Amino acid sequence: VQLQASGGGLVQAGGSLRLSCVASGRISTINDMDWYRQAPGKQRELVATSTSGGATNYADSVKGRFTISRDNAKNTVYLQMNSLKLEDTAVYYCYAYIVVGSLNVWTWGQGTQVTVSS
């Protein structure tokens, strides 16, 4: 099972980006699909979570600006990021809880860099 994240880049403060993360492999079911981020010199932090049932949750720092969504038919999770701030600069990682046959697997994507400039 692999997660492939994409969509990062350089954007000015106030701008928008949309991240995508696709899961591939011998997937039975995808439960949670989440986004984390890690800024230079800081610990990795949770940004947003989504369950297979459609429930979502956000870090206080991104509430009202970021939206997590999923396309379960495509095994894909998105992160729409609006009104970006300098402090949103980080490597963004997707993280998923996937059922593969009889195994429960938690796995990370490779990360995609988001840089917000002034």
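Please refer to the structure higher up on the page.
Residues numbered from 1 in each chain as written. Predicted model: local features only at pLDDT ≥ 70, side-chain atom pairs only at ≥ 80, totals over all residues. Heavy atoms only, no water.

**A word on the nonpolar core**
Trp-35, Val-47, Phe-66, Leu-79, Met-81 and Tyr-92 are the most contacted members of the largest nonpolar core, which has 29 residues in total. Among the elements of the structure, strand E1 (2–6), strand E3 (17–24), strand E4 (29–38), strand E5 (45–50), strand E7 (66–71), strand E8 (76–81), strand E9 (90–100) and strand E11 (112–117) are those that each provide at least two residues to this core. Counting residues per element, this core draws most heavily on E9, at 6 residues. (Core = buried A, V, L, I, M, F, W, Y, C linked by side-chain atoms within 4.5 Å. Buried < 20%, exposed > 50% of the residue type's maximum accessible area, 1.4 Å probe, protein only. Helix = DSSP H or I, 4+ residues; strand = E, 2+ residues; numbered from the N terminus.)

**Details of the packing of aromatic side chains**
For the structure on display, the rule yields 6 aromatic pairs. With 6.2 Å between their ring centres and 85° between their planes, Tyr-93 and Trp-108 make a pair best called edge-to-face. Placement of Tyr-93 in strand E9 and of Trp-108 in strand E10 (residues 103–108) is noted, with a sequence separation of 15 residues between them. Take Tyr-93: its relative accessible area is 14%, and that puts it in the buried class. The class of Trp-108 is partly exposed, set by a relative accessible area of 34%. On the basis of an interplanar angle of 10° and a centroid distance of 4.6 Å, the ring pair of Tyr-97 and Trp-106 is categorised as stacked. When its relative accessible area of 43% is taken as the criterion, Trp-106 is described as partly exposed. The ring of Tyr-78 carries the charged tip of Arg-18 above its face, separated from the ring centre by 4.0 Å. When the ring centre of Tyr-93 is taken as reference, the NZ or CZ atom of Arg-44 above it lies at 3.7 Å. (Phe/Tyr/Trp six-rings, centres within 6.5 Å; stacked < 30°, edge-to-face > 60°. Lys NZ or Arg CZ within 6 Å of the ring centre and 35° of its normal.)

**Focus on the state of the cysteines**
A complete count under the given rule lists 1 disulfide for this structure. Between the sulfur atoms of Cys-21 and its disulfide partner Cys-94 the distance amounts to 2.0 Å. Here the S-S torsion is close to 60°, and the disulfide linking Cys-21 with Cys-94 is therefore right-handed. Remark: Cys-94 occurs in strand E9 and Cys-21 occurs in strand E3; sequence separation between them is 73 residues. Take Cys-21 and Cys-94: they sit in the same class, and that class is buried. (Disulfide = S-S within 2.5 Å.)

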